[in-house]
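Here's the letter readout for the chains.
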Amino acid sequence: MNRLGIDLGGTKTEAVVLGPDGAERWRRRVPTPSARYEDTLAAIGMLVDAARQAGHAPFSIGIGTPGSLTPAGVMKNANSEALNGRPLQRDLVALVGQPVAMANDANCLVLSEATDGAGAGAPVVFAAIIGTGTGAGIAVHGRVLTGPNGLAGEWGHNPLPWREPDEPAPPCYCGRRGCIETLVSGPGLARDHAARHGGALTAEQIATAAQAGDAPCRATLERHAHRLARALASVINLLDPDVIVLGGGV
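Residues numbered from 1 in each chain as written. Predicted model: local features only at pLDDT ≥ 70, side-chain atom pairs only at ≥ 80, totals over all residues. Heavy atoms only, no water.

A few words now on the sheet that holds strand β7 (residues 101-104). Within the open sheet, the 5 strands sit side by side as β3-β2-β1-β4-β7. Their pairing is mixed. The sheet terminates laterally at β3 (24-31) and β7, the two strands that pair on one side only. Strand-to-strand twist across the sheet, computed as the mean angle between neighbouring axes with direction ignored, equals 15°. In this fold helix α1 (residues 37-53) packs onto β1 (2-8), β2 (12-18), β3 and β4 (59-65), with an angle of close to 155° to the strand it touches most, β3. Each of β1, β4 and β7 is contacted by helix α2 (residues 88-96), which is oriented at about 150° to β7, the strand it contacts most. (Pairing = 2+ DSSP bridges. Helix = DSSP H or I, 4+ residues; strand = E, 2+ residues; numbered from the N terminus. Axes fitted to C-alpha atoms, helices over the stretch in contact; angles between N-to-C directions. Contact = heavy atoms within 4.5 Å.)

Here is the structure:
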């Protein structure tokens, strides 16, 4: 049977159909309408319908999501805040008319990398997603650590360590200030550049300008690299992982 995998991100939602041999048969990406829960459901349903209309059904469906499901079946800790408190898996099953497997996107990443990716065969793998949000997963001997509350790897909601005197501590949707996610994510990078240098550049535009020699953009990327290094140093002090994998748009 074919397999349909969907990556539900804060900025984009991408679907791919893999055949029984693992070969890619179909792929499509759409912007994530993250402001309204119902629009997010509709976007996922549209991708499932498009894969069916392309002639790839029947297939199983698996979705990687920001945040995670509680034992009660509702989402929590998603940087796409419209998902929080919502029964996403139940609503998708009703919408697409078949079972839907669901897991935290960073846990999906670390399992993939620890199985046949950059961390294949390594005893301890830490995999971070740095994009619209900032999260991570941990795999030990090929098994994902989740914890009783599904919080293992929620690295982005630790405070940025070794904070410098002039370093900002932006508010986070979790209710705290100065979380790693607020400074290391794509929006955090853009916000930091605007505060220091003005303008309204995206993270991608900042990177492009830095490569072209723009001094303020290069300075922004250097601050970002230093913050990321400090954030990962705290992981090394705690886990001492054999492999650290970085993923995500940033």
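Among all residues save glycine, negative phi is the norm, and among peptide bonds the norm is trans. Geometrically, the link from A57 to P58 is a cis peptide bond, its omega value of 0° lying close to zero. Phi is positive for N77, close to 65°, though the residue is something other than glycine. Inspection of the secondary structure assignment puts N77 in the loop between β6 (75-76) and α2. Phi at H141 is positive, roughly 50°, even though this residue is not glycine.

Moving on: the pattern of salt bridges. On inspection of all chains with the given rule, the structure shows 15 salt bridges. A salt bridge links R223 to D192; its shortest N-O distance comes to 2.9 Å. Residue R223 is located in helix α7 (residues 215-239), and its partner D192 is located in helix α5 (residues 186-197); the two are separated by 31 residues in the primary sequence. Accessibility assignment for this pair places R223 and D192 in one class, buried. Taken together, the salt bridges that share partners define one network made up of D7, K12, E14, E24, R27 and R29. (Salt bridge = Lys/Arg side-chain N within 4 Å of Asp/Glu carboxyl O. Buried < 20%, exposed > 50% of the residue type's maximum accessible area, 1.4 Å probe, protein only.)

Below, the discussion takes up a nonpolar patch on the surface. There is a patch of nonpolar side chains on the surface, built from I236, I244 and L246 and spanning about 230 Å² of accessible area. Mapped onto the fold, L246 is located in strand β11 (residues 243-247). (Patch = residues over 30% accessible without salt bridge, like charges linked within 9 Å, V, L, I, M, F, W, Y side chains within 5 Å. Areas by Shrake-Rupley, 256 points an atom, 1.4 Å probe, with all protein chains shown as cover.)

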